[in-house]
Amino acid sequence: MYIQDQLREIRSNIAAAEQRAGRPAGSTTLLAVSKTFPVSDIMHAYADGQRLFGENRLQEALTKIPAMPADCEWHIIGPLQRNKVRKALEAGVTLLQAVDSRKLAEAISRIAGELGITARILLEVNVDGEESKHGFTPSELQEEWDALAALPHLDIRGLMCIPAPTETPEGARPAFATLRRLADALRTRGPLPLPELSMGMSHDYAVAVEEGATIVRVGSAIFGKRDYSH
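Described below are features of the structure shown in this document.

1. Some details on helix 6 (residues 138-149)
Taking 1.5 Å per residue as the helical rise, helix 6 with its 12 residues ought to reach 16 Å, and the 15 Å between its terminal C-alpha atoms agrees with that figure. Taken as a whole, helix 6 has its buried residues at Leu 141, Trp 145, Leu 148 and Ala 149. Axial view of helix 6: buried residues confined to an arc of 95 degrees, hence all on one face. In this structure, helix 6 carries Glu 143 and Asp 146 as exposed residues pointing more than 90 degrees from its buried face. In this structure, the buried side of helix 6 is in contact with helix 5 (102-115), strand 5 (119-125), strand 6 (154-161) and helix 7 (173-189).

2. What about empty space enclosed by the protein?
Summed over all chains, the structure comprises 2 cavities of 30 Å³ or more. The calculated volume of the largest cavity comes to roughly 40 Å³. What lines the largest cavity is Glu 124, Val 125, Asn 126, Val 127, Asp 128, Glu 130, Lys 133, His 134, Cys 161, Ile 162 and Pro 163. Classifying every residue of the lining of the largest cavity gives 5 nonpolar, 2 polar and 4 charged. By volume, the second largest cavity amounts to about 30 Å³. Taken together, Ile 76, Gly 78, Leu 80, Leu 96, Gln 97, Ala 98, Val 99, Leu 104 and Ile 108 form the lining of the second largest cavity.

Thresholds applied
- Residues numbered from 1 in each chain as written.
- Predicted model: local features only at pLDDT ≥ 70, side-chain atom pairs only at ≥ 80, totals over all residues.
- Heavy atoms only, no water.
- Helix = DSSP H or I, 4+ residues; strand = E, 2+ residues; numbered from the N terminus.
- Expected span 1.5 Å × (residues − 1).
- Buried < 20%, exposed > 50% of the residue type's maximum accessible area, 1.4 Å probe, protein only.
- Arc of directions from axis to C-beta.
- Contact = heavy atoms within 4.5 Å.
- 1 Å grid on protein atoms, 1.4 Å probe; cavity = no way out; pocket = protein on both sides within 12 Å on 5 of 7 lines; lining within 4 Å.
- Points joined across faces, edges and corners; volume = space filled by probe spheres on them.
- Nonpolar A, V, L, I, M, F, W, Y, C, P; charged D, E, K, R; others polar.

Structure, rendered in structure tokens:
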């Protein structure tokens, strides 16, 4: 099967990148980005051992989560509106990857408290300063850090980024290095260990692993070209 063959090649490439960077084998988690792809395709990945899937839109995730086996984990990797936070947490989404503002973080903390849970999140960083991109700038995150770290009912696991498009995978390396250095700086301020760095997609995930990614978000390289017509 195409999907299973692609998964195995990507896992091999991740392992090779870990070795080049002197990182422990298995220190990078592969998140299969299943947006726009049907449950039948996702099941092919599941059959090859993939259990972690990512969706951009909560509405699409809510149709797929109950249709897949219960041992799958789901991340929301796209922008999340504050009025949809409760639905995401109640659906059992295990990580909200694109928390792009203090207001959203505060809303997640409040709703998680009402539900009696701790919400796991990543903070999205606009590493390239693109006006069209969501996320904290590195300086904004430094300024907001103490307030964010103090929010109850949140487990801030780390940072994520979506670099500006580059012609070659190597072109994304500076953005990945920026995110890694920012996480290092925030760790020194405490009190959070920030173990996760979500960075790297289908065209540049190997470079991201070399720069310290613990989660790579790979979709089209697994499932093929997306059809956005529907």
